[in-house]
Structure formats: C-alpha cells, structure tokens
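# Geometric and topological summary
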Amino acid sequence: MEATAIHLGLRLYQEGSGWRMRALDRQQRSLLVPPQQPPRRSLTGATADAALMAALGQDGRRSHQELARDLGVSEATVRRRLQRLMETRSVHFRCDFAQAAAGWPLTATYRIDLPADRLTAAARTLGLMPEVRLCSAVSGTADFLVIAWLRTAEDVTGFEAHMCEQLPDLRVLDRTVTLITAKRMGRVLDPHGRAVRHVPWDDLSTTL
C-alpha cells in the first residue's frame, strides 16, 4: 500500500538562497550585497514576468542582450522588468554547487515539534548554524522543518544534539538522511551532484 501525506508550508524563515559557506568575512560579503530596498508592489504583466523567469531558469547568468533576443523584446524592456522583479523580491538569485565536492555530501531533514510561540526565535537560532539550509513552519504534528547539509553520517545525531542544546524545548519527531539528490532547483544532477540537465519549471510559449 502506498500513501501520501501533505503538509502545508506556513512560513518560510530561511532557504537555500540565503545559505553561505562562510568562506568570506563580513566586510568581504558586504562588497557583494547591494543595499536593501523596501519591497515595492508588483503591478504588471504576470505572464510576461513568468516568461522572463523561465528564460532565466535556463541560466541565471544570461545577459540582458541574450534574454532580449530570445524573448523578442528590447534590451531596455528586459532591464526594466528584471529590475522590478528584484525590487519586489519576486525573484531570488542563488548559486549552488556539488555538495560532495564542497565537503557537505549528506542532507538531513528533521521534522520537529516546537511550541507555536517559539518558532520565530528558534528560526533565528537555527539560522546562525552553518549547516542549516532551510527552516520552515509547517502544518501537522511536526510543526517545524529543518534541512541541513552535513559532512559525515555521525553528524546526523551530532547536529541533532547541538540543536537540542541550543533549543531545550525542541523535540525531533523524525529524521531522514538523503545520500544522493537527483534534482535541485530545476537541475537534474549526476551521482556526484553536478548539474547535467535543466528541467523547465513551466512550458511557456508567450513572450514579453
């Protein structure tokens, strides 16, 4: 018998685009991050924006000129729309790498029970831990989800113990270890975690 359990994501506190290897110090990181602007309300073109995001999904490093050519619009239009998507925080750019090559070959998923009034504080504490890639409030008996990248199998219990030390009211209800990830963020990965193929998130034929 097969069964499916669905849990709703209620609040996302941290995800992969905010994860850092901490190879740079604070001053070096500040040179790479543009000043934060308050989010603006998006007003136009959901379909056109989706076409632009689908084109970026193939390669987030594509130039404005390349995007304009493929979408059949002017470079100025691409610049304007992309700037608005970034200002409204409708898109996030992230740079991933092969886990094993970087020394973080294992992914551990922890399903956690926490008091509802402790979720935000717990997310802040967990966000300071270099292993944590994602933490989110979810529906269900386990009301909090944590995904961590780890170096060895021993770290699965070691990291769990560290979480419990930092958050005494945290209770891990279940843990899952992923040895090989087949797909991440629209990229099919080989057994070594390297991207080999792009899978479009939507088949859009419309243009800007």
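I will try to describe carefully the structure that is included in this document. (Residues numbered from 1 in each chain as written. Predicted model: local features only at pLDDT ≥ 70, side-chain atom pairs only at ≥ 80, totals over all residues. Heavy atoms only, no water.)

Attention now moves to the packing of aromatic side chains. Using the criterion set out here, one finds three aromatic pairs in the structure. Judged by centre distance (6.0 Å) and plane angle (45°), the rings of tyrosine 13 and phenylalanine 144 are tilted. Here tyrosine 13 is found in strand β1 (residues 9–14), whereas its partner phenylalanine 144 is found in strand β4 (residues 144–150), with 131 residues between them in sequence. Judged by relative accessible area, which is 0%, phenylalanine 144 ranks as buried. Summarising the aromatic geometry, the rings of tyrosine 110 and phenylalanine 159 are spaced 5.7 Å apart at their centres and angled 50° between planes, so their arrangement reads as tilted. Placement of tyrosine 110 in strand β2 (residues 106–113) and of phenylalanine 159 in helix α7 (residues 154–166) is noted, with a sequence separation of 49 residues between them. For the residue pair tyrosine 110 and phenylalanine 159, the accessibility class agrees, reading buried in each case. One cation-aromatic arrangement involves arginine 133 over tryptophan 149; the distance from NZ or CZ to the ring centre is 3.8 Å. Between arginine 151 and the ring centre of tryptophan 104, over which it is positioned, the NZ or CZ distance is 4.1 Å. (Phe/Tyr/Trp six-rings, centres within 6.5 Å; stacked < 30°, edge-to-face > 60°. Helix = DSSP H or I, 4+ residues; strand = E, 2+ residues; numbered from the N terminus. Buried < 20%, exposed > 50% of the residue type's maximum accessible area, 1.4 Å probe, protein only. Lys NZ or Arg CZ within 6 Å of the ring centre and 35° of its normal.)

This part is about the pairing of strand β3 (residues 132–138). The buried fraction of β3 amounts to six of the seven residues, a majority that puts the element mostly inside the structure. Of the pairings in the sheet, the one linking β1 to β3 comprises four bridges and is antiparallel in character. Of the residues in β3, the one forming a bridge with glycine 9 is valine 138. Pairing between β3 and β4: five bridges, direction antiparallel. Across the sheet, the residue bridging to serine 136 is leucine 145, located in β4. Remark: five residues form the turn of the hairpin made by β3 and β4, two consecutive strands paired antiparallel; glycine 140 in that turn has positive phi of roughly 115°. (Pairing = 2+ DSSP bridges.)

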